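Close look at the chain arrangement
Each chain, written out:
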Amino acid sequence: MKDPQNNFRAERDILFSRSIRAGKRIYYVDVKQTSKGEMYLALTESKKIVSGDVDMPQVNFEKHKIFVYPEDFEKFTSGLADAMKFIYEEQGKAEQRSDDSSSEIQLDDMEF
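First things first, this report covers the structure right here in the doc.

Basis of the calculations
Residues numbered from 1 in each chain as written. Predicted model: local features only at pLDDT ≥ 70, side-chain atom pairs only at ≥ 80, totals over all residues. Heavy atoms only, no water. Helix = DSSP H or I, 4+ residues; strand = E, 2+ residues; numbered from the N terminus. Buried < 20%, exposed > 50% of the residue type's maximum accessible area, 1.4 Å probe, protein only. Contact = heavy atoms within 4.5 Å. Areas by Shrake-Rupley, 256 points an atom, 1.4 Å probe, with all protein chains shown as cover. Lys, Arg positive; Asp, Glu negative; His and termini not counted. Salt bridge = Lys/Arg side-chain N within 4 Å of Asp/Glu carboxyl O. Pairing = 2+ DSSP bridges. Axes fitted to C-alpha atoms, helices over the stretch in contact; angles between N-to-C directions.

Quick word on the overall build of the protein
The secondary structure content of the protein amounts to two helices and four strands. When the helices and strands of the protein are listed from N to C terminus, the series reads α-β-β-β-β-α. For the protein, buried positions account for 14% of its 112 residues. Within the protein, residue pairs in contact and separated by at least 24 positions form 23% of the contacts whose partners lie at least 6 positions apart. As presented, the protein carries roughly 9,500 Å² of accessible surface, and 52% of it is formed by carbon and sulfur atoms.

In structure tokens:
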């Protein structure tokens, strides 16, 4: 059983948050703080998984997290930009999904 106190603490430690809806996935970009007051990024992918039969579907969310610390930001963003550039050069930019809204963050809007 989950400790409600730990859940409250985890939510309280989020200083900034953005969600990015992308089809069946939602990406969360959170700024959190350690007990020593040091900030870091918590990146989460949440994917909706529907199983079971049509009459009684079961909905679960599969989550994957990575943490990026300030001392790694430059290398992380450089590597991310290199990977994105490679994909764009090899297959071009993908069309935007129709479910994107103007309030959501876009990678083209980010400055590294």
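Focus on the side chain of Lys-32
Here Lys-32 shows up in strand 2 (residues 25–33). Nearest to the buried, unbridged Lys-32 among oppositely charged side chains is Asp-30, at 5.2 Å.

Some words on the pairing of strand 1 (residues 14–22)
When strand 1 meets strand 2, the two strands line up antiparallel, connected through eight bridges. For Ala-22, the partnering residue across the bridge sits in strand 2 and is Arg-25.

Some points on the sheet that holds strand 3 (residues 39–52)
The strand order across the open sheet formed by four strands is 1-2-3-4, and the pairing between neighbours is antiparallel. The outermost strands of the open sheet, each flanked by one partner alone, are strand 1 and strand 4 (57–68). Pairs of neighbouring strands in the sheet enclose a mean axial angle of 20 degrees, with direction left out of account.

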